[in-house]
Amino acid sequence: QVQLVESGGGLVQAGGSLRLSCAASGRTLGSSVMGWFRQAPGKEREFVARITWTGTTYYADSVKGRFIISRDNVKKTGNLQMNSLKPDDTAVYYCAAGPVGSTLDQYEYNYWGQGTQVTVSS
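Residues numbered from 1 in each chain as written. Predicted model: local features only at pLDDT ≥ 70, side-chain atom pairs only at ≥ 80, totals over all residues. Heavy atoms only, no water.

Engineer: Describe the packing of aromatic side chains, with residues and values.
Structural biologist: Enumeration according to the criterion identifies 6 aromatic pairs in this entry. Measuring from centroid to centroid gives 5.1 Å for Phe37 and Tyr109, while their planes differ by 75°, and the two rings are edge-to-face. You can see Phe37 sitting in strand β4 (residues 33-39) and its partner Tyr109 sitting in the loop between β9 (91-98) and β10 (111-112), a full 72 residues away along the chain. Under the relative-accessibility criterion, Phe37 is labelled buried at 1%. Both rings, one in Phe37 and one in Trp112, keep their centres 5.1 Å apart while their planes meet at 55°; by these two values the pair is tilted. Residue Phe37 is located in strand β4, and its partner Trp112 is located in strand β10; the two are separated by 75 residues in the primary sequence. Judged by its relative accessible area of 25%, Trp112 falls in the partly exposed class. Here the aromatic residues Phe37, Phe47, Tyr58, Tyr94, Tyr109 and Trp112 are joined through ring pairs into a cluster of three or more. When the ring centre of Tyr94 is taken as origin, the NZ or CZ atom of Arg45, which lies over that ring, is 4.9 Å away. When the ring centre of Tyr58 is taken as reference, the NZ or CZ atom of Lys64 above it lies at 6.0 Å. (Phe/Tyr/Trp six-rings, centres within 6.5 Å; stacked < 30°, edge-to-face > 60°. Helix = DSSP H or I, 4+ residues; strand = E, 2+ residues; numbered from the N terminus. Buried < 20%, exposed > 50% of the residue type's maximum accessible area, 1.4 Å probe, protein only. Lys NZ or Arg CZ within 6 Å of the ring centre and 35° of its normal.)

What follows is the structure in structure tokens.
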């Protein structure tokens, strides 16, 4: 089992930045893909970004150029640096881990954190 715990959410003004962290415990993540998803009120959970064991990244078009995903395989942590935040980025953000090959589909991910709220005011 892998447990994931997110932190770093909060309230920020539009144009500001936040850095989310995801700490993994339990068995090693191994070569798992780490992903970030978000869910806004009344909307489906959507893909934000993912990073493979080797550091290959992929972003949703809505965050490309503003968000940066990273991971530290030794420390078993992941981060999502969010810059130039917009009110549309307001959501609960979830960290997830999935097997090699996990992509944009949330159903490919086996482990999830509890989520952290990000609120961007205009």
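Engineer: With reference to specific residues and values, describe the sheet that holds strand β1 (residues 2-7).
Structural biologist: In sheet architecture, strand pairing relies on hydrogen bonds along the backbone and comes in two forms, parallel and antiparallel. Spatial strand order, β1-β3-β8-β7: 4 strands in an open sheet with antiparallel pairing. The open sheet has two free edges, formed respectively by β1 and β7 (67-72), since each of these has just one partner strand. This sheet shows a mean twist of 15° between the axes of neighbouring strands, independent of strand direction. Pairing of strand β3 (residues 18-26) with strand β8 (residues 77-82), which is carried by 6 bridges, proceeds in the antiparallel orientation. Bridged to Arg19 within β8 is Gln81. (Pairing = 2+ DSSP bridges. Axes fitted to C-alpha atoms, helices over the stretch in contact; angles between N-to-C directions.)

Engineer: Just give me the short version of unusual backbone geometry, but keep the residues and values in it.
Structural biologist: Of note, the phi angle at Lys76 is positive, near 60°, even though the residue is not glycine. Here Lys76 shows up in the loop between β7 and β8. At Ser84, a position not held by glycine, the phi torsion is positive, near 50°. Relative to the helices and strands, Ser84 resides in the loop between β8 and β9.

Engineer: Please give an account of the pairing of β1 that cites residues and values.
Structural biologist: Only one face of β1 is covered, namely the one carrying Val2, Leu4 and Glu6; the face carrying Gln3, Val5 and Ser7 has none of its residues buried. The sheet contact formed by β1 and β3 spans 6 bridges and is antiparallel. The partner of Val2 across the bridge, within β3, is Gly26.

Engineer: Explain the side chain of Arg38 residue by residue, including any values.
Structural biologist: In this structure, Arg38 sits in strand β4. A distance of 2.6 Å separates the side chain of Arg38 from the side chain of Glu46, its partner in a polar contact. A distance of 2.9 Å separates the side chain of Arg38 from the side chain of Asp89, its partner in a polar contact. Once you skip the residues sitting within four places of it in the chain, Arg38 turns out to touch Glu44, Arg45, Glu46, Val48, Ser62, Val63, Phe67, Asp88, Asp89, Ala91, Val92 and Tyr93. (Polar contact = N/O pair within 3.5 Å; in protein donor to acceptor, adjacent residues only side chain to side chain. Contact = heavy atoms within 4.5 Å.)

Scope: geometric values only; no functional claims are made or implied.
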